[in-house]
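# Geometric and topological summary
Below, each chain spelled out in residue letters.
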Amino acid sequence: LNTNARDASPEQRERAAALVDMVHNGLFDQVVEKVSSFVAGGKAELAEPVGAMTRDLGTEVFVRQQLAVAERRDRRGELKQLEIPALVIAGDEDRLAPPSLNNEIARAVPHAELEILPCGHLSTLELPSAVASTMRRWLLASEAARNN
């Protein structure tokens, strides 16, 4: 769901380090406002719940998430080794993991299916029914294929 298999870019590492520094300097509320708006794709109706979730998780989890993003390794070479069916879901307005990156995953994983939904990075918040029905359809089709 809304991801990519590439390593973090120098810009992503720099941005994550700056956010971690801000948190360590007591600026967590400012970080939450900045990040929630960006992750929500500028959609105010999503920025509020994203901000609330970020605050609920707290500074330690936020810092760990930023470090995970900054330290993310390139996994594209491993994708072709997957021997299982896979569903890749992307949002056509996703600024963090655009459809091209999700398409890259779907092309690399044998037997993968790509579904692009009309949303941003937060597909499960923006279109929960569409995500659930896409997953349900895919799971039922995968089960039927296994039984044939």
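Attention in this report is confined to the structure presented alongside it. Source: prediction; values computed, not measured. (Residues numbered from 1 in each chain as written. Predicted model: local features only at pLDDT ≥ 70, side-chain atom pairs only at ≥ 80, totals over all residues. Heavy atoms only, no water.)

This part is about the side chain of Thr54. Residue placement: Thr54 occurs in helix H3 (residues 44–70). A distance of 2.8 Å separates a polar atom in the side chain of Thr54 from the backbone oxygen of Val50. Excluding its chain neighbours within four sequence positions, the residues that come into contact with Thr54 are Phe28, Val32 and Phe62. (Helix = DSSP H or I, 4+ residues; strand = E, 2+ residues; numbered from the N terminus. Polar contact = N/O pair within 3.5 Å; in protein donor to acceptor, adjacent residues only side chain to side chain. Contact = heavy atoms within 4.5 Å.)

What follows concerns the layout of surface pockets. Considered as a void within the structure, the largest pocket measures approximately 890 Å³ in volume. Together, 25 residues line the largest pocket, and Val39, Gln66, Val69, Leu96 and His121 are the ones closest to its centre. Elements represented by at least two residues in the lining of the largest pocket include exactly helix H1 (10–24), helix H2 (28–39) and H3. Examining the composition of the lining of the largest pocket, we find that 8 residues originate from one element, H3, more than from any other. The residue makeup of the lining of the largest pocket, split by class, is 13 nonpolar, 8 polar and 4 charged. (1 Å grid on protein atoms, 1.4 Å probe; cavity = no way out; pocket = protein on both sides within 12 Å on 5 of 7 lines; lining within 4 Å. Points joined across faces, edges and corners; volume = space filled by probe spheres on them. Nonpolar A, V, L, I, M, F, W, Y, C, P; charged D, E, K, R; others polar.)

The subject of this paragraph is the environment of Val69. In this structure, Val69 sits in helix H3. When its relative accessible area of 32% is taken as the criterion, Val69 is described as partly exposed. Taking the C-alpha atoms as reference points, Val69 and Glu115, separated by 46 residues in sequence, lie 24 Å from one another. (Buried < 20%, exposed > 50% of the residue type's maximum accessible area, 1.4 Å probe, protein only.)

Attention now moves to the pairing of strand S2 (residues 112–117). Across 6 bridges, strand S1 (residues 86–91) lies against S2 in parallel orientation. Looking at S2, one finds that Leu87 is bridged to Glu113. Taken together, S1, helix H5 (residues 99–108) and S2 form a β-α-β motif whose crossover is right-handed. (Pairing = 2+ DSSP bridges. Right-handed = clockwise from strand over helix to strand, strands pointing away.)

Here we come to the nonpolar core. Counting 15 residues, the largest nonpolar core has Val23, Val31, Val35, Phe62 and Leu122 as the members making the most contacts within it. Listed by contribution, the elements that provide at least two residues to this core are H1, H2 and H3. Contacts of Val35, omitting those with residues within four sequence positions, involve Leu19 and Phe62. The next biggest cluster of nonpolar side chains, apart from the first, holds 7 residues, and it includes Leu79, Ala86, Ile105 and Ala106. (Core = buried A, V, L, I, M, F, W, Y, C linked by side-chain atoms within 4.5 Å.)

Here the focus is the packing of H2 against H3. Packing of H2 against H3 brings their axes to within 9 Å, and their N-to-C directions diverge by 130°. As far as their axial angle goes, H3 and H2 are oblique. In this structure, the crossing between H2 and H3 has a hand that is right-handed. Two secondary-structure elements touch here, H2 through Phe28, Asp29, Val31, Val32, Glu33, Val35, Ser36 and Ser37 and H3 through Ala47, Val50, Gly51, Thr54, Arg55, Gly58, Thr59 and Phe62. Partitioned by chemical class, the residues of the contact of H2 with H3 number 7 nonpolar, 6 polar and 3 charged. (Axes fitted to C-alpha atoms, helices over the stretch in contact; angles between N-to-C directions. Parallel < 35°, antiparallel > 145°, perpendicular 65-115°, else oblique. Left-handed = near helix turned anticlockwise from the far one by under 90°.)

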